[in-house]
Amino acid sequence: MIKAVKKLITWARLKSPWVIHFNTGACNACDIEIVAALTPTYDLERFGVLQKGTPRHADVLLCSGPVTMQLQDRLVRIYEQLPEPKFVVAVGTCACSGGVFEGCYSMLGGIDEAIPVNAYIPGCPASPDAIIDGVTKLLKSYEDAEKEKLKNKKGGTGGK
Ligand code: SF4
């Protein structure tokens with residue numbers, strides 16, 4: 001019964017992932033593209049993706065920009081508030097590696113300097129198509145990993 005509920009939760013999570021967006025120091029161009037991906041023109045919502053106002057309700061954290069020293073602690077706090085399993089997507093070259101801000105005295109670098117990142121979407125700015133592609137690929141790889149886990153479990157006990 002618990003297994004069935006877990007399966008249902010995973011299915012629901014994959015069919016309707018909720019996202020939260022956080023600007024860790026971006027120039028705002030990547031943020032505009034993230035917002036564009038959520039508007040009817042690109043319609044990220046057709047994949048069940050909804051934007052949430054609190055990390056406690058979100059599955060995916062979309063980060064834009066390099067991590068500034070000022071926002072580093074806040075980013076970690078937001079990350080910690082996301083329920084498991086949580087996913088982080090670095091949107092834009094700055095979020096991937098620091099980009100044009102690399103080496104700047106007030107910057108830590110890319111998002112993975114502060115928290116673990118599951119997917120990197122390069123581009124300056126990253127286009128809405130690339131953002132949609134990245135999020136859907138990330139969820140697909142999570143689905144495949146869950147299926148693999150289930151298969152290994154069945155194999156381990158010898159059951160079908
Ligand atoms: S990747 Fe380009 S558009 Fe995005 S935050 Fe950095 S400088 Fe701005």
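Bear in mind that the values here come from a model prediction, so they are computed numbers and not experimental data.

The rules behind the values
Residues numbered from 1 in each chain as written. Predicted model: local features only at pLDDT ≥ 70, side-chain atom pairs only at ≥ 80, totals over all residues. Heavy atoms only, no water. Phe/Tyr/Trp six-rings, centres within 6.5 Å; stacked < 30°, edge-to-face > 60°. Lys NZ or Arg CZ within 6 Å of the ring centre and 35° of its normal. UniProt positions renumbered as here; feature names shortened; annotations may be inferred. Helix = DSSP H or I, 4+ residues; strand = E, 2+ residues; numbered from the N terminus. Disulfide = S-S within 2.5 Å. Near = heavy atom within 4 Å. Nonpolar A, V, L, I, M, F, W, Y, C, P; charged D, E, K, R; others polar. Salt bridge = Lys/Arg side-chain N within 4 Å of Asp/Glu carboxyl O. Buried < 20%, exposed > 50% of the residue type's maximum accessible area, 1.4 Å probe, protein only.

**A closer look at the packing of aromatic side chains**
We describe a pair of aromatic rings using the distance from one ring centre to the other and the angle between the two ring planes.
Right, on to step 1. Using the criterion set out here, one finds zero aromatic pairs in the structure.
Right, on to step 2. Between Lys-52 and the ring centre of Trp-18, over which it is positioned, the NZ or CZ distance is 4.1 Å.
Right, on to step 3. Between Lys-86 and the ring centre of Tyr-79, over which it is positioned, the NZ or CZ distance is 4.4 Å.

**Describing the UniProt feature "domain: NADH:ubiquinone oxidoreductase-like 20kDa subunit" (unreviewed entry) in the protein**
Right, on to step 1. In the UniProt entry, the feature "domain: NADH:ubiquinone oxidoreductase-like 20kDa subunit" (unreviewed entry) is given for residues 27-138.
Right, on to step 2. Secondary structure across residues 27-138 comprises 32% helix and 18% strand; the distance between its end C-alpha atoms is 25 Å.

**As for the state of the cysteines**
Right, on to step 1. Going through the model one piece at a time under the given rule, you end up with zero disulfides.
Right, on to step 2. Residue Cys-96 stays outside any disulfide, its sulfur separated by 8.7 Å from that of Cys-30, the closest cysteine.

**Some thoughts on the site of the ligand**
Right, on to step 1. Every residue lining the ligand is accounted for by Ala-26, Cys-27, Ala-29, Cys-30, Thr-93, Cys-94, Val-100, Gly-123, Cys-124 and Pro-125.
Right, on to step 2. Secondary structure elements with two or more residues in the shell around the ligand: helix 2 (29-38) and helix 4 (93-97).
Right, on to step 3. Its residues placed into classes, the shell around the ligand shows eight nonpolar, two polar and no charged.

**Some thoughts on the pattern of salt bridges**
Right, on to step 1. A complete count under the given rule lists two salt bridges for this structure.
Right, on to step 2. Between Glu-84 and Lys-86 there is a salt bridge; the shortest N-O distance is 4.0 Å.
Right, on to step 3. Look at Glu-84 and you get exposed, because its relative accessible area is 60%.
Right, on to step 4. Close ionic contact of Lys-137 with Asp-133 constitutes a salt bridge, the shortest N to O distance being 2.9 Å. Taken together, the positions of Lys-137 and Asp-133, both in helix 5 (residues 128-157) and four residues apart, correspond to about one turn of that helix.
Right, on to step 5. The class for Asp-133 is partly exposed, based on a relative accessible area of 36%.

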